[in-house]
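One-letter residues, chain by chain:
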Amino acid sequence: MSKSPAERVGAFVDDLLRGRRPRRFAAKEDELEAMRVAAGLAAGRVGADLPSKEALDRIHQELARQMDDSPILEPRFSRRAWLRTVSAAAAAVVAGVVIDQVVGGSEVPLGATAGGPVLMPDKGQWRPVAALSDLPEGHARAVSTGSVEAVIVNDSGNIHAVSGICTHLGCRLVPDDALPKLNCPCHQTAFAWSGKVLYYRLKQEPADLPRIQSRLRDGQIELYVV
Amino acid sequence: MTDVPSSSEATPPGREEVARGAHEAAEVYADWESVYRDNVVGIYQLAMRRVGSSADAEDLAQEVLIRTLKTLRLPAPVHNVRAYLVKTARTVLADHWRRHYGDQAAITEVALVPAEALSATPNGVAADRAQRLLGLLPDRFHRILELRFLRGYSIREAAREMGLTEVNARVLQFRALRKAAEFETEVLE
């Protein structure tokens, strides 16, 4: 019955890591300190600090139910609104997937609706940047090889990569999995996962993102970079 | 350096549309939908970093939004709404820790949540923070937390990997988390 702090905190950690709601208990100060850190680390697992689409839908539905003075037209309005916003991305992402499946040889066909040009570095080599298990489906993640900033994407099991730098003035892009898109934090510009420009508030349309060749080897996502 | 996209292919929203959307985002929230759309991910992330459980984070994000929206009159300036969301989030998170774990100090802990905390962050940021935190720890502490949190080992698997009994692995995990707590404020920006 009387468990040690290590056991009580251990049970809390087990719950977090198995995706269960942790049980309540009266924790002592040293346990609370450890638990706060554990919560931050659990959120630090790749993809763990992003809500699923289902979670967002549930929140939206509950809000709609409670905001009774604001009648809703239909429950999935927000998703519809998002889809409208990113409708441009949908076609581009599909094109990107087709192209990425071909990647592996030295020549990569450029489709009309693909993103920007393909990075072909002199003296390039395949370098692992992440384990496939660290990039769940429906997520994008910024990675760096030291010389190249990239965003790797797992789009329904198809892995591909684009440059992680905005083509306008070089700000680092921020993946937004909920929509999905890559946001430039500097000037309200966004790119589809394929690298294609989605929208911008600039005088001139920025270039699409260069694409980076990618492949899977031994469970590792590798990019052809320097 | 670029292929100029042809104008007939899938295009971005019209410029006026983007400008209008951005204007609204920069000035006022007209309805609860726009408050939700702009902030839900940031609130969820804030909650997730503080509770570590997706089910709890979802409930807490929902509670923060509902409490805020039931109190505020819209339209309201964006910065007012966000300031109120953060304030509400602090209260809701502190309540959670107090009710679930008897944490009486939670209100002061959570008061450290910065006002800009609602900006949605890239999904690598929490992971980078975790890596930096682990990097500050002595070897065996680093190892047990890396195996558990970043590589998904069960306590039994982690114990076997490190040549420990399960009981000792749990003790090591607890001590490692406590040690990490000493460094946490340095890593949390």
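About the cut-offs
Residues numbered from 1 in each chain as written. Chains lettered and ligands numbered in written order. Predicted model: local features only at pLDDT ≥ 70, side-chain atom pairs only at ≥ 80, totals over all residues. Heavy atoms only, no water. Buried < 20%, exposed > 50% of the residue type's maximum accessible area, 1.4 Å probe, protein only. Helix = DSSP H or I, 4+ residues; strand = E, 2+ residues; numbered from the N terminus. Pairing = 2+ DSSP bridges. Phe/Tyr/Trp six-rings, centres within 6.5 Å; stacked < 30°, edge-to-face > 60°. Arc of directions from axis to C-beta. Core = buried A, V, L, I, M, F, W, Y, C linked by side-chain atoms within 4.5 Å. Contact = heavy atoms within 4.5 Å. pLDDT = per-residue confidence, 0-100. Disulfide = S-S within 2.5 Å. Axes fitted to C-alpha atoms, helices over the stretch in contact; angles between N-to-C directions. Expected span 1.5 Å × (residues − 1). Parallel < 35°, antiparallel > 145°, perpendicular 65-115°, else oblique. Left-handed = near helix turned anticlockwise from the far one by under 90°. Nonpolar A, V, L, I, M, F, W, Y, C, P; charged D, E, K, R; others polar.

Trainee: Just to check I follow, could you spell out the pairing of strand E7 (residues 181–184) of chain A for this structure?
Mentor: Residue and element names in this part refer to chain A. Neither face of E7 is open: one carries Lys181 and Asn183, the other Leu182 and Cys184, and all of them are buried. By the bridge criterion, three bridges tie strand E6 (residues 174–176) to E7 in an arrangement that is antiparallel. Each residue of the ladder has a partner; that of valine 174, found in E7, is asparagine 183. Linking E6 to E7, which pair antiparallel, is a turn of four residues.

Trainee: Help me out: how do you make sense of the packing of aromatic side chains in this one?
Mentor: What characterises a pair of aromatic rings is the spacing of the ring centres plus the angle enclosed by the ring planes. As enumerated under the stated definition, the model contains five aromatic pairs over all chains in all. Centre to centre, the rings of phenylalanine 12 of chain A and tyrosine 101 of chain B are 5.6 Å apart; their planes meet at 90°, and the pair counts as edge-to-face. Placement of phenylalanine 12 of chain A in helix H1 (residues 5–17) and of tyrosine 101 of chain B in helix H4 (residues 78–101) is noted, with the two residues assigned to different chains. Residues phenylalanine 25 of chain A and tyrosine 101 of chain B carry aromatic rings whose centres are separated by 5.8 Å and whose planes lie at 65° to one another, so their mutual orientation is edge-to-face. Taken together, the positions of phenylalanine 25 of chain A in the loop between H1 and helix H2 (29–43) and tyrosine 101 of chain B in helix H4 put the pair across two chains. Residue classification places phenylalanine 25 of chain A among the buried residues on the basis of a relative accessible area of 18%. Its relative accessible area of 2% is what places tyrosine 101 of chain B among the buried residues.

Trainee: Would you mind going over helix H8 (residues 155–162) of chain B with me for this structure?
Mentor: In an α-helix, one turn spans 3.6 residues, which is why side chains three or four residues apart end up on the same side. All names here are of chain B. Restricting attention to buried positions, one finds in H8 the residues Ile155, Ala158, Ala159 and Met162. The buried residues of H8 occupy an angular sector of 100° when the element is viewed end-on, so they sit on one face. Of the exposed residues in H8, the ones pointing more than 90 degrees away from its buried face are Arg156 and Arg160. Directly after H8, the chain includes glycine 163, whose backbone phi takes a positive value near 70°.

Trainee: When you look at the nonpolar core in this model, what are you seeing that I'm missing?
Mentor: For soluble globular proteins, nonpolar side chains are generally found buried alongside one another. Within the largest apolar cluster, 76 residues are counted, with the highest numbers of intra-cluster contacts made by Leu41 of chain A together with Leu65, Leu145, Phe149 and Leu177 of chain B. What leucine 177 of chain B contacts, discounting residues up to four positions off in sequence, is Val9, Val13, Ala34, Val37, Ala38 and Leu41 of chain A together with Leu145 and Phe149 of chain B.

Trainee: Got a minute to help me understand the sheet that holds strand E5 (residues 158–163) of chain A in this structure?
Mentor: For sheets, the rule is that strands pair by backbone hydrogen bonds, running either parallel or antiparallel. Residues and elements named next belong to chain A. In spatial order, the strands read E1-E10-E5-E4-E3; together these five strands make up an open sheet with mixed pairing. Each edge of the sheet is formed by a strand with only one pairing partner; in this case those strands are strand E1 (118–119) and strand E3 (139–144). Taken together, the six bridges between E3 and strand E4 (residues 149–155) define a ladder with antiparallel strand orientation. Each bridged residue has a counterpart across the sheet, and for alanine 140 the counterpart in E4 is valine 153.

Trainee: When you look at the confidence of the model for chain A in this model, what are you seeing that I'm missing?
Mentor: Segments scoring low in pLDDT should not have their predicted coordinates read at a detailed level. All names here are of chain A. Per-residue pLDDT for chain A averages 77, and the proportion of residues at 70 or more is 77%. The secondary structure element of chain A with the lowest average pLDDT is helix H5 (residues 87–102), at 33, and the one with the highest is H1, at 96. Contacts for the low-pLDDT stretch residues 70–113, under 50 throughout, to residues beyond four places or in other chains number 68 contacts.

Trainee: Quick question: what am I supposed to make of the state of the cysteines here?
Mentor: Joining two cysteines, a disulfide is a covalent bond between their sulfur atoms. All names here are of chain A. The tally for this structure, following the rule as stated, stands at one disulfide over all chains. The side chain of cysteine 171 participates in a disulfide bridge whose partner is cysteine 186; the two sulfur atoms lie 2.0 Å from each other. When the S-S torsion is -105°, as for the bridge of cysteine 171 with cysteine 186, the disulfide is left-handed. Here cysteine 186 lies in the loop between E7 and strand E8 (189–191) and cysteine 171 lies in the loop between E5 and E6, a separation of 15 residues in the sequence. Residue cysteine 171 is classed as buried on the basis of its relative accessible area, which comes to 15%. Here cysteine 184 stays unpaired: no disulfide links it, and the sulfur of cysteine 166, its closest cysteine neighbor, is 3.8 Å away.

Trainee: Is there a simple way to think about the sheet that holds E7 of chain A in this case?
Mentor: All names here are of chain A. The four strands lie next to each other as E6-E7-E8-E9, forming an open sheet whose pairing is antiparallel. The open sheet has two free edges, formed respectively by E6 and strand E9 (197–199), since each of these has just one partner strand. Going from strand to strand, the sheet's axes swing by 35° on average, the running direction of each strand aside. The pairing of E7 with E8 spans three bridges and is classified as antiparallel. Residue pairing for E8: asparagine 183 is matched across the bridge by alanine 190.

Trainee: What exactly am I supposed to notice about H2 of chain A here?
Mentor: Residues and elements named next belong to chain A. Taking 1.5 Å of rise per residue, the 15 residues of H2 would be expected to cover 21 Å, and the 21 Å separating its terminal C-alpha atoms lies within 8% of that figure. Of all 15 residues making up H2, eleven are buried, and the element is well covered by its neighbours. Regarding H2, the residues found buried are Glu31, Leu32, Ala34, Met35, Arg36, Val37, Ala38, Ala39, Leu41, Ala42 and Ala43.

Trainee: Please explain the pairing of strand E11 (residues 214–217) of chain A as it appears in this structure.
Mentor: Both faces of the sheet carry side chains from a regular strand, because those side chains alternate between them. All names here are of chain A. One ladder, built from four bridges, connects E11 with strand E12 (residues 220–225); its direction is antiparallel. Pairing of serine 214 across the sheet is with leucine 223, part of E12. Linkage of E11 to E12, two consecutive antiparallel strands, is achieved through a turn of two residues, within which aspartate 218 is found at a positive phi near 50°.

Trainee: How should I be thinking about the packing of helix H3 (residues 53–66) of chain A against helix H2 (residues 32–51) of chain B in this particular structure?
Mentor: What describes two packed helices is the angle between their axes and the distance between those same axes. Between H3 of chain A and H2 of chain B, the shortest axis-to-axis distance is 11 Å and the interhelical angle comes to 150°. The orientation of H3 of chain A with respect to H2 of chain B, classified from their angle, is roughly antiparallel. For the pair H3 of chain A and H2 of chain B, the crossing hand works out as right-handed. On H2 of chain B, the residues that touch Leu56, Asp57, Ile59, His60, Leu63 and Ala64 of chain A of H3 of chain A are Trp32, Glu33, Tyr36, Val40 and Val41 of chain B.

Trainee: Would you mind showing me how to read the packing of H2 of chain A against H2 of chain B here?
Mentor: In contact at an axis separation of 5 Å, H2 of chain A and H2 of chain B are set at 130° when each is read in the N-to-C sense. By the angle class used here, H2 of chain A and H2 of chain B are oblique. Listed contacts from H2 of chain B to Ala39, Gly40 and Ala43 of chain A of H2 of chain A are Met48, Arg49, Arg50 and Val51 of chain B. Along the lines of polarity and charge, the residues of the contact of H2 of chain A with H2 of chain B split into four nonpolar, one polar and two charged.

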